[in-house]
Amino acid sequence: MNRVEGRDKVTGRARYAYEYPAEDVAYAYAVQSPIAHGRIRSIDASEALATPGVLAVLSSADPPALGSRDDAELALFQTHEVAYHGQIVAAVVATTSETAREAAQYAVRIEYDAEPHHVRLRTDHCGLYRPDKVNPAFPTDTEQGDVAAGLARAAVTIDATYTTPTEHNNPMEPHASMAVWEENGDLTLFDSIQGASDDRDTIASVLGLPPERVRVISPHVGGGFGSKGTTRPNAILAALAARAVGRPVKIALTRQQMFDVTGYRTPTIQRVRLGADAAGRLTAITHDVVEQSSTIKEFAEQTATPTRVMYAAPARRTTHRLVRLHVPTPAWMRAPGEAPGMWALESAMDELAIAAGIDPIELRVLNEPAVEPESGLPFSSRNLVACLREGARRFGWANRDPEPGIRLEGRWLTGTGVAASTYPARRRPSRASAAVEDGDFVIRIAAADIGTGARTVLTGIAAQTLGSPAERVRVEIGDSALPRASLAGGSMGTASWGSAVVRACEALLKNGAEGTADTTEDVESDSGFARHAFGAQFAEVRVDIDTGEVRVPRLLGVFAAGRVLDEKLGRSQFIGGMTMGLGMALMEETVVDERSGAFLNHDLAQYHIATCADVRDIEAVWIEEEDPHLNPMGAKGIGEIGIVGTAAAIANAVYHATGRRIRDLPITPPKLLG
Amino acid sequence: MAEITLQVNGAQRSVSADTRTSLLDLLREHLDLTGTKKGCDHGQCGACTVLIDGRRANSCLALAVAWDGAEITTVEGLGDGAEPHPLQTAFMDFDAFQCGYCTPGQLCSAAGMLAEGGPSAVTADLTGDPPLTAEEIRERMNGNLCRCGAYVNIVAAIEDVSR
Ligand code: FES
Ligand code: FES
């Protein structure tokens, strides 16, 4: 169905965090560290404070009182230590945004004692260590069987290292907040956030307030892809600034500032080894990952976890090693773990198919596991093979000549590639209420719609459960005052919130007046099955033999994700993920300047995402999948799987076109010409 | 400070603003027309696209004082009162947006683009008005980024309206 808030979005009526009116509002602008490691020696804010219109300067010269300093990225102005380039070290609050920005840039004098910094990820870094777990709580390492023996008896082996660069989420809406302290000391915060309930709890804890004194409002969020999954410093800064000046305060990070303080995807260095017998059956798989975190907070991406799920092999090992650098803390970016991990694994599988002389689809079919390989759990449903077969049929795979580098059309070498996708299908406890008001049904849940279509999908779920036309159902989300809900992340939104909405609607039908639900118990009893969505991605590429330019005339994704609850919105989710995957394959890369420790290309002119002219024919379809072991809707999350495997499919197609295997993302012209 | 008068969506609006104020900030902060979005403030994303005297422009790159007297159309003024503009309807029907943050810019850009004509960088014959194929639309809409990746549907929606 059409999005229920569509009219508001196309007419400009939908307000995002920065856009709420407030009496007497003031503006905050952050001052950032120009050094990557060291200490603040002195802060002189006198010139800023003397500037007409400036109301306050916040900094560690006068640390504001906080309730918790546990999260060093949120404990603003508590220390003179600098952990990375671009860290927020001060802020100016003024009556206009122009004045705040001018004073922050030119009238706050901070002197630093710089110390040497290390910002480059290397496999031989002396600080490499084994984290206790990887995001969010997976085992760091796993090992089964005799890997050395498995590799030794293999007829064909692949041993290759694949790397991915720093990548930034870059939602179109910059992270923004407006804080309003009410007369009774309560805080209302308009925030661009993927989960109002968790955001409220975090803000309350950092500020030392009981959660019920804080309300987070965020009905519309301009994308996030993970970067708005957790509270960001803009929210804390707005609250501290508003407290300091006694007026509402707004802050919107600039696009440049977003690169430093809103998270990013860690660069990865991944060694994959595969061994297979002469028939193509895997004898061993290893996936060893090196990645980074900051010196002030640990975030260990779960990059090798998809390898624990994908293929059968008697001997297997996955490891994650981390190094703490003078960089901002990495965080979630669409399909953390699966997106970089499957780029490596699915590139390696393509290399193995070529080395073994087996069609890459057949190789995957051959190594299809009967149960989840490492846990031994049965899959609640697994239809990877059906996706591969259906995709092959639609894409026209049958007549493909595997020989690389032989199809020249004018200046263009053409090729096709395939890769598998996977993403976990989980859910989290949530609450919801359903009521009848003025003859209509009203559903309340603190869910978030960051562009996924949550509001619309929940409307459809409620309408179906209630046996009512969708026009009679109103869904209220995006407010921490509503029944507590999990955040929009890990592709768990629809599964988590939908479960609560169904139960609340059922309760309403039973008693006629109002229904409430809390799915904590339901979710806790989710065990006994391995639950994952799967998919197959097909890519056609053209590579200019003179310039190395890669174009992607065609992408096809075939997914098996349980029941797709809304065809129109579901297709958009898949296609949106695949479009971001195209960017990951060909252009996305944040470059770190080793001398200063800064992200160099920190804007949208230099950090390239896929644009309208980069995207040609992208299509996503899905197969019918009945899975009774998921949730009342029978749905698996679809927000992230679209980006998983896209980059590998494109890289595999580039190999097919050119005979050049690129193992370092993104696949830019110099790498193809060099 | 400067006194600035604009015709915004058909109505005359006068404000007194800092001379450094961009047209984008003037619309959003002084006139409460927050439909026009700020994605980069540097002319790199197109989220702030409005029509200035009928031509599409990045309002973040326009100093408001420099456009004193100009006629501005924002997303709020695209439709005709109660009725949405055909592009707005098509964007809803084709699901040409997800988060909606790039959408006002896409819509104003598309409205301006449809009125432009003339060849583009992908036009083979530079002498006339090429038919507005999907390829022409992709090229002409290339300045409007969409991180949600709604391009496929954006192009389909615009194609539908242009037919
Ligand atoms: S905000 Fe003007 S182009 Fe991005
Ligand atoms: S709809 Fe979200 S950026 Fe375009």
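Analysis parameters
- Residues numbered from 1 in each chain as written.
- Chains lettered and ligands numbered in written order.
- Predicted model: local features only at pLDDT ≥ 70, side-chain atom pairs only at ≥ 80, totals over all residues.
- Heavy atoms only, no water.
- Helix = DSSP H or I, 4+ residues; strand = E, 2+ residues; numbered from the N terminus.
- Rg over C-alpha atoms; globule rule 2.2 N^0.38 Å.
- Buried < 20%, exposed > 50% of the residue type's maximum accessible area, 1.4 Å probe, protein only.
- Contact = heavy atoms within 4.5 Å.
- Buried area = accessible area lost by both parts, 1.4 Å probe.
- Salt bridge = Lys/Arg side-chain N within 4 Å of Asp/Glu carboxyl O.
- Polar contact = N/O pair within 3.5 Å; in protein donor to acceptor, adjacent residues only side chain to side chain.
- Nonpolar A, V, L, I, M, F, W, Y, C, P; charged D, E, K, R; others polar.
- Phe/Tyr/Trp six-rings, centres within 6.5 Å; stacked < 30°, edge-to-face > 60°.
- Lys NZ or Arg CZ within 6 Å of the ring centre and 35° of its normal.
- Pairing = 2+ DSSP bridges.
- Expected span 1.5 Å × (residues − 1).
- Domains from an automatic or database assignment.
- Right-handed = clockwise from strand over helix to strand, strands pointing away.
- pLDDT = per-residue confidence, 0-100.
- Core = buried A, V, L, I, M, F, W, Y, C linked by side-chain atoms within 4.5 Å.

Enquirer: Hey, could you run me through the overall build of chain B in this one?
Expert: Along the backbone of chain B there are 5 helices and 5 strands. Overall, chain B shows an N-to-C arrangement of helices and strands of β-β-α-β-β-β-α-α-α-α. Whereas a compact globule of 163 residues would reach a radius of gyration of roughly 15 Å, chain B reaches 16 Å, a difference of no more than 12%. Projected onto its principal axes, the C-alpha coordinates of chain B cover approximately 50 × 35 × 30 Å. By residue count, 55% of the 163 residues in chain B fall in the buried class.

Enquirer: What is the right way to read the interface of chain A and chain B from this model?
Expert: Where interface size is quoted, it is often the accessible area lost as the parts come together. Between chain A and chain B, the residue contacts involve 58 residues of the former and 49 residues of the latter. It is V10(A), M172(A) and C612(A) in chain A that bury the most area against chain B; as a group they hold 18% of the surface buried on that side. Counting every contact that joins chain A to chain B gives 9 salt bridges. Along the contact surface separating chain A from chain B lie 33 residue pairs in polar contact (both at pLDDT 80 or more). At the level of secondary structure, the elements contributing two or more residues to the side of chain A that touches chain B comprise α1 (6-11), α3 (97-106), α7 (255-261) and α14 (567-586) of chain A. Among the elements that make up the side of chain A that touches chain B, the one with the highest residue count is α14(A) (9 residues). The residue makeup of the side of chain A that touches chain B, split by class, is 24 nonpolar, 18 polar and 16 charged.

Enquirer: I keep staring at the packing of aromatic side chains and nothing clicks. Help me out?
Expert: How two aromatic rings sit relative to each other is given by the distance of their centres and the angle of their planes. Residue and element names in this part refer to chain A. A full pass over the atoms with the stated rule returns 10 aromatic pairs over all chains. Here the aromatic rings of Y264 and F599 are separated by 5.6 Å at their centres, their planes lie at 70°, and the arrangement is edge-to-face. Placement of the pair is Y264 in the loop between α7 and β15 (268-276) and F599 in the loop between α14 and β26 (617-622), with a sequence separation of 335 residues. Taken as a pair, Y264 and F599 share a single burial class, namely buried. By the ring-pair criterion, three or more aromatic residues cluster together here, those being F395, W397 and F538. The side chain of K250 reaches across the aromatic face of Y18, ending 4.6 Å from its centre.

Enquirer: Whenever I open this one, the pattern of salt bridges confuses me. Can you help?
Expert: Pairing between side chains becomes possible if they bear opposite charge and their charged atoms approach one another. For the coordinates displayed, the defined rule picks out 64 salt bridges over all chains. Between R28(B) and E19(A) there is a salt bridge; the shortest N-O distance is 2.7 Å. Separated into two different chains, R28(B) in helix α1 (residues 23-30) and E19(A) in the loop between α1 and β1 (26-32) make up a pair that spans both. A relative accessible area of 5% means that R28(B) is categorised as buried. On the basis of relative accessibility, which here comes to 3%, the residue E19(A) falls in the buried class. Here R109(A) and E47(A) are joined by a salt bridge, their closest N and O atoms 2.6 Å apart. Taken together, the residues R109(A) in strand β6 (residues 109-114) and E47(A) in helix α2 (residues 46-50) connect sequence positions 62 residues apart. We classify R109(A) as partly exposed; its relative accessible area is 42%. Residue E47(A) is classed as partly exposed on the basis of its relative accessible area, which comes to 41%.

Enquirer: I keep staring at the sheet that holds strand β24 (residues 532-544) of chain A and nothing clicks. Help me out?
Expert: Picture the strands of a sheet paired through backbone hydrogen bonds; they go either parallel or antiparallel. Residues and elements named next belong to chain A. Spatial ordering of the open sheet is given by β18-β19-β24-β25-β26, a layout of 5 strands whose pairing is mixed. Two strands lie at the open edges of the sheet, namely β18 (408-409) and β26, each paired on one side alone. Pairing between strand β25 (residues 550-560) and β26: 6 bridges, direction parallel. What sits directly across from V558, in β26, is V621.

Enquirer: Quick question: what am I supposed to make of helix α3 (residues 103-114) of chain B here?
Expert: Each full turn of the α-helix corresponds to 3.6 residues, which orients residues three or four apart in the same direction. Its 12 residues place the ends of α3(B) 16 Å apart at the C-alpha level, agreeing with the 16 Å of an ideal helix rising 1.5 Å per residue. Of the residues making up α3(B), those classed as buried are T103(B), P104(B), G105(B), Q106(B), L107(B), C108(B), S109(B), A110(B), A111(B), G112(B) and M113(B).

Enquirer: Quick question: what am I supposed to make of the domain arrangement of chain B here?
Expert: Residue and element names in this part refer to chain B. On domain assignment, one finds that chain B holds domain 1 (2-76) and domain 2 (86-162). Centre-to-centre, using C-alpha coordinates, domain 1 lies 22 Å away from domain 2. Tallying the contact residues gives 16 residues for domain 1 and 16 residues for domain 2. Overall, the association of domain 1 and domain 2 removes approximately 1,200 Å² of surface from exposure, summing both partners, and the carbon and sulfur fraction of that is 54%.

Enquirer: For this particular structure, what's the right way to read the pairing of strand β21 (residues 440-444) of chain A?
Expert: Each regular strand carries side chains that alternate between the two faces of the sheet. All names here are of chain A. Burial analysis of β21 places 4 of its 5 residues in the buried class, which makes it a mostly covered element. Pairing of strand β20 (residues 431-437) with β21 involves 5 bridges; the strand directions are antiparallel. Bridge assignment links E437 to a residue of β21, and that residue is D440. Between β20 and β21, which pair antiparallel one after the other, the connecting turn spans 2 residues, and D438 there sits at a positive phi close to 50°. As paired elements, β21 and strand β22 (residues 473-476) share 4 bridges and run parallel to each other. The residue bridging R444 from the neighbouring strand is E476, located in β22. The β-α-β motif built from β21, the intervening helix α11 (residues 454-466) and the parallel element β22 has right-handed crossover chirality.

Enquirer: Can you walk me through the confidence of the model for chain B in this structure?
Expert: For residues with low pLDDT, the predicted coordinates do not support detailed interpretation. Per-residue confidence for chain B averages 96 on the pLDDT scale, and 100% of its residues sit at or above 70. Scoring the predicted complex yields pTM 0.98 and, for the interface, ipTM 0.98.

Enquirer: Please explain unusual backbone geometry as it appears in this structure.
Expert: Glycine aside, the phi torsion of most residues is negative, and most peptide linkages are trans. Residue and element names in this part refer to chain A. Going from N135 to P136, the amide bond is cis rather than trans, its omega being -10°. Here the bond from L665 into P666 is cis, since omega is -5°, no more than 30 degrees from zero. You can see P666 is positioned in the loop between α15 (646-658) and α16 (669-673).

Enquirer: How do you make sense of the nonpolar core when you look at a structure like this?
Expert: For soluble globular proteins, nonpolar side chains are generally found buried alongside one another. All names here are of chain A. Counting 139 residues, the largest nonpolar core has L274 and I650 as the members making the most contacts within it. For this core, the element with the highest residue contribution is helix α8 (residues 338-356), accounting for 9 residues. Setting aside residues no more than four positions away along its own chain, I650 makes contact with A539, V541, V552, L555, L582, A585 and L586.

Enquirer: I would appreciate a short explanation of the side chain of N652(A) in the present structure.
Expert: Residues and elements named next belong to chain A. By secondary structure assignment, the location of N652 is in helix α15. Among the polar contacts made by the side chain of N652, one reaches the main-chain carbonyl oxygen of E346 at a distance of 3.4 Å. Excluding residues that lie within four positions of it along the chain, N652 makes contacts with E346, S347, D350, R364, T416, G417, V418, A419 and R661.

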